[in-house]
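# Working through the structure, step by step
As a plain string of letters, each chain reads:
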Amino acid sequence: MEEATQPKVCRCLLRDMTGENDYLRSVERYRATMPRRLRTPDALYETRLACCRDCEALQNGTCMQCGCYVEMRAARSDMHCPLTAPRW
Ligand code: SF4
């Protein structure tokens, strides 16, 4: 009997994925052109992404709780982790 192949799931950010990564470029452009008052400061942005990297809900750069690319969601200072007990 043939074993079913599971789709490859990676608990990684878009920036960790190799090869062509148009989604990452879109996120970087989004962050770079965002008004400063809305942009999460760099250090806090990295802290947020570190929390996502440790989270079971992260799959291939996407939060399975909300469907967002976490690098996009974390970029806005007024956004929060969607968990009932938010990680950031
Ligand atoms: S936004 Fe929250 S729930 Fe989603 S991957 Fe990040 S830490 Fe996990």
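Below you will find a few notes about this structure. Per chain, the residues get numbers from 1 upward, laid out in the order the sequence is written. Per-residue local features are limited, in this predicted model, to residues with pLDDT of at least 70; the limit for side-chain atom pairs, both in listing and counting, is 80 or more; totals at the level of whole chains, interfaces and linings are taken over all residues. Heavy atoms throughout the structure, all of them, feed into the side-chain values; hydrogens and water do not.

Now for helix α1 (residues 22–33). Helix length check: α1 (12 residues) gives 16 Å between terminal C-alpha atoms against 16 Å at 1.5 Å per residue, within 8%. Contact criterion: two residues are considered in contact whenever any of their non-hydrogen atoms come within 4.5 Å of each other. Think of it this way: any DSSP run of H or I at least four residues long counts as a helix, any run of E at least two long counts as a strand, and we number them from the N terminus. Looking at the buried residues of α1, the elements they touch are α2 (42–53) and α3 (70–73). Multiplying one less than the number of residues by 1.5 Å gives the expected span of a helix.

Another aspect to go through is the environment of alanine 57. By the secondary structure assignment, alanine 57 is in the loop between α2 and β1 (58–59). The sequence separation of alanine 57 and arginine 29 amounts to 28 residues, and the corresponding C-alpha distance is 25 Å. For alanine 57, the contacting residues outside a window of four places in its chain are Thr62, Cys63, Met64 and Gln65.

Okay, unusual backbone geometry next. The phi dihedral of asparagine 60 is positive, around 50°, even though this residue is not glycine. You can see asparagine 60 is positioned in the loop between β1 and β2 (62–63). Think of it in three bands: residues with accessible area under 20% of the maximum for their type are buried, residues over 50% are exposed, and the middle band is partly exposed, with areas taken using a 1.4 Å probe on protein chains only. Judged by relative accessible area, which is 27%, asparagine 60 ranks as partly exposed.

Turning next to the site of the ligand. Residues are counted as near a molecule or strand when any one of their heavy atoms sits within 4 Å of it. Around the ligand sit Cys52, Cys55, Ala57, Cys63, Gln65, Val70, Cys81, Pro82, Leu83, Arg87 and Trp88, and that is every residue in its neighbourhood. Lining residues are defined by having an atom within 4 Å of a point belonging to a cavity or pocket. Those points lie on a 1 Å grid over the protein atoms alone, cavities being sets where a 1.4 Å probe fits but cannot get out and pockets being open sets with protein on both sides within 12 Å along at least five of seven lines. In this scheme, a molecule is assigned to a cavity or pocket if more than half of its atoms are within 2 Å of the grid points. Here the ligand is seated within the largest cavity.

Grid points are joined across faces, edges and corners, and a volume is the space filled by probe spheres set on the points. Under the counting rule described, the total for this entry stands at 1 cavity of 30 Å³ or more. Considering only enclosed or pocket space, the largest cavity measures out at about 110 Å³ in volume. In terms of lining residues, the largest cavity is bounded by 13 residues, among which Cys52, Cys55, Cys63, Cys81 and Trp88 are the most central. Mapped onto the lining of the largest cavity, the elements with two or more residues apiece are α2 and α3. Gly falls in the polar group here, along with every residue not listed as nonpolar (Ala, Val, Leu, Ile, Met, Phe, Trp, Tyr, Cys, Pro) or charged (Asp, Glu, Lys, Arg). Classifying every residue of the lining of the largest cavity gives 11 nonpolar, no polar and 2 charged.

To continue, consider the nonpolar core. Definition used in this section: a nonpolar core is a set of buried Ala, Val, Leu, Ile, Met, Phe, Trp, Tyr and Cys residues joined via side-chain atoms within 4.5 Å. Membership of the largest hydrophobic core comes to 16 residues, with the highest contact counts inside it found for Leu13, Tyr45, Leu49, Val70, Ala74 and Trp88. Considering every element that reaches this core, the biggest residue donor is α2, with 3 residues. Setting aside residues up to four positions removed in sequence, valine 70 forms contacts with Leu13, Leu49, Cys52, Leu58, Gly61, Thr62 and Cys63.

This part takes up the side chain of arginine 73. Residue placement: arginine 73 occurs in helix α3. It turns out arginine 73 is buried and unbridged, and the closest side chain with the opposite charge, aspartate 78, is 9.3 Å from it. The residues touching arginine 73, leaving out its near neighbours within four places in the chain, are Arg48, Cys66, Cys68, Met79, His80, Cys81, Pro82 and Trp88. Residues scored as positive are Lys and Arg, those scored as negative are Asp and Glu, and His as well as the terminal groups of each chain are ignored. Any carboxyl oxygen of Asp or Glu that lies within 4 Å of a side-chain nitrogen of Lys or Arg is treated as forming a salt bridge with it.

The terminal C-alpha atoms of α2 lie 17 Å apart, and with 12 residues this matches the ideal 16 Å at 1.5 Å per residue to within 8%. Taken as a whole, α2 has its buried residues at Tyr45, Arg48, Leu49 and Cys52. Angular distribution of buried residues about the axis of α2 spans 95°; they occupy a single face of the element. Packing partners of the buried residues in α2 comprise α1, β1 and α3. To obtain the arc, one takes the directions from the helix axis to the C-beta atoms.

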